[in-house]
Amino acid sequence: MSEFKNYDCLFRLDGKIALITGGSRGLGLHAATAFLLAGAEKVIITARKREGEQGIDQAVERLNKLPVAGKAVGIAANVAQTDDIQRLVDEIKKSEGRIDILVANAGATWGGPFEPTPDWSSQKVLDLNVRGIFNLVRLAVPLLTAGATREDPSRVIIVSSTAGINVPHIGDNGTIMYSVSKAAAHHLSRNLAMELGPRNITCNTVAPGFFPSKLANGLIELLGGDQQLRDDNPRKRLGEPEDIAGVMVYLASAAGSYINGEDISVDGGAHLSAGRLAKI
Ligand SMILES: NC(=O)c1ccc[n+]([C@@H]2O[C@H](COP(=O)([O-])OP(=O)(O)OC[C@H]3O[C@@H](n4cnc5c(N)ncnc54)[C@H](OP(=O)(O)O)[C@@H]3O)[C@@H](O)[C@H]2O)c1
């Protein structure tokens, strides 16, 4: 028999403080919910909008109805802007003094034909999906090192996309700069894993395929609707909230503490198949 230390806690997050960008809806909200259910002490979600049915406040209210001891709080910030990132980090420094888990999830996309692409769209996508993550992690290092140890490192999890490892959409619905930004996010994560590993911070990439969300729903429709995308997927379905919960809790918990610099695609294997994409 093998002797495991704390096997019962392998997938638990008791006592942990997490920051999740883009936590007000979609994949970020799935991660926030999973962290609280796994025992996290506090989950801080950030997004730009505080009010409304897609805003931070409604998400915090829903998260705080979970039957758990941990709490959710929200801080409005634009994580594409360095001043706002600094303000967010300063606020957390004052209130918590540390971050154990940082999920860089907020992302933007833009789609359309190649030649008329407005320059602002490329800037928006690169500023949030690449430069913003670089600056957020850079400025959060003091908070990430505060509670980190060799046995229990702090975690950075970058939410990229399988669009970062293939060429998903060209032509009328082309997403070239999004795909480029996500390829950069994958490689940023590997660089951060090397830079920060010796400081007891791991960095890994989660690359989702299609999950219904505000960001993805328009493209899902343009590509023929969710039944079509299900038919094209080797697992015959789209992503579900539990798929994000599983990979996030794995990477954030003791179970994932020796994983560093890895990319995990969460897409049912769709990125390996030429399938429908070859016909575009
Ligand atoms: N859903 C998919 O199929 C899919 C597939 C592959 C990859 N992804 C990636 O997964 C991540 C989450 O996507 P999602 O589908 O969950 O999108 P979503 O439902 O549209 O949620 C995006 C979140 O990011 C926030 N956000 C957007 N711009 C921001 C900014 N500048 N600063 C701070 N927060 C910002 C949004 O809130 P505010 O608008 O209030 O700021 C919202 O909370 C993205 O990185 C995306 O590229 C998604």
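Residues numbered from 1 in each chain as written. Predicted model: local features only at pLDDT ≥ 70, side-chain atom pairs only at ≥ 80, totals over all residues. Heavy atoms only, no water.

- As annotated in an unreviewed UniProt entry, the protein carries the name NAD(P)-binding protein and is attributed to Tothia fuscella.
- Reading the Sequence similarities (unreviewed entry) entry of the UniProt record for the protein gives the comment "Belongs to the short-chain dehydrogenases/reductases (SDR) family." (UniProt positions renumbered as here; feature names shortened; annotations may be inferred.)

A word on the site of the ligand
(1) Moving on: Among the 29 residues in the neighbourhood of the ligand, the closest are listed as Ser 24, Asn 105, Tyr 178, Phe 211 and Ser 213.
(2) Moving on: The contact in question runs from an oxygen atom of the ligand to an N or O atom on the backbone of Gly 22, over 3.3 Å.
(3) Moving on: Compared with its free state, where it exposes 880 Å², the ligand has 96% of that area covered by protein.
(4) Moving on: Of all elements in the fold, only α1 (26-37), α5 (176-196) and α6 (214-222) reach the threshold of two or more residues within the shell around the ligand.
(5) Moving on: Split into classes, the residues belonging to the shell around the ligand amount to 13 nonpolar, 11 polar and 5 charged. (Near = heavy atom within 4 Å. Polar contact = N/O pair within 3.5 Å; in protein donor to acceptor, adjacent residues only side chain to side chain. Areas by Shrake-Rupley, 256 points an atom, 1.4 Å probe, with all protein chains shown as cover. Helix = DSSP H or I, 4+ residues; strand = E, 2+ residues; numbered from the N terminus. Nonpolar A, V, L, I, M, F, W, Y, C, P; charged D, E, K, R; others polar.)

What to know about the sheet that holds strand β3 (residues 71-76)
(1) Moving on: Strand order in the open sheet made by the 7 strands is β3-β2-β1-β4-β5-β6-β7, with parallel pairing throughout. Edge positions in the open sheet fall to β3 and β7 (263-266), since each of these has one partner strand only. Averaged over all neighbouring strand pairs, the angle between strand axes comes to 20 degrees, with direction disregarded.
(2) Moving on: In this structure, strand β4 (residues 101-104) lies alongside strand β5 (residues 154-159), joined through 4 bridges in parallel fashion. Residue pairing in the sheet places Val 103 in a bridge with Ile 157 of β5.
(3) Moving on: Along the sheet, α5 contacts β5, β6 (201-208) and β7; its crossing angle with β6, the most-contacted strand, is approximately 160 degrees. (Pairing = 2+ DSSP bridges. Axes fitted to C-alpha atoms, helices over the stretch in contact; angles between N-to-C directions. Contact = heavy atoms within 4.5 Å.)

A look at a nonpolar patch on the surface
(1) Moving on: A contiguous nonpolar patch, built from Phe 114, Val 167, Ile 170, Ile 176 and Val 180 and spanning about 490 Å² of accessible area, is present on the exposed surface.
(2) Moving on: For Phe 114, the location among the structural elements is in the loop between β4 and α4 (119-146). (Patch = residues over 30% accessible without salt bridge, like charges linked within 9 Å, V, L, I, M, F, W, Y side chains within 5 Å. Salt bridge = Lys/Arg side-chain N within 4 Å of Asp/Glu carboxyl O.)

Section: the pattern of salt bridges
(1) Moving on: The full count for this structure, using the stated rule, is 14 salt bridges.
(2) Moving on: Across the salt bridge formed by Asp 14 and Arg 12, the nearest N and O atoms sit 2.9 Å from each other.
(3) Moving on: For Arg 12, a relative accessible area of 32% corresponds to the partly exposed category.
(4) Moving on: The partner of Glu 61 in a salt bridge is Lys 65, and the shortest N-O contact between them spans 3.7 Å. (Buried < 20%, exposed > 50% of the residue type's maximum accessible area, 1.4 Å probe, protein only.)

Concerning the packing of α4 against α5
(1) Moving on: Put simply, α4 and α5 touch, their axes get as near as 9 Å, and they point 15 degrees apart. By the angle between their axes, α4 is roughly parallel relative to α5. Regarding α4 and α5, the two cross each other, and that crossing is right-handed. Contacts from Ser 122, Val 125, Leu 126, Asn 129, Val 130, Ile 133, Phe 134, Val 137 and Val 141 of α4 reach α5 at Met 177, Tyr 178, Ser 181, Lys 182, Ala 184, Ala 185, Leu 188, Leu 192 and Leu 196.
(2) Moving on: A per-class count over the contact of α4 with α5 returns 14 nonpolar, 3 polar and 1 charged. (Parallel < 35°, antiparallel > 145°, perpendicular 65-115°, else oblique. Left-handed = near helix turned anticlockwise from the far one by under 90°.)

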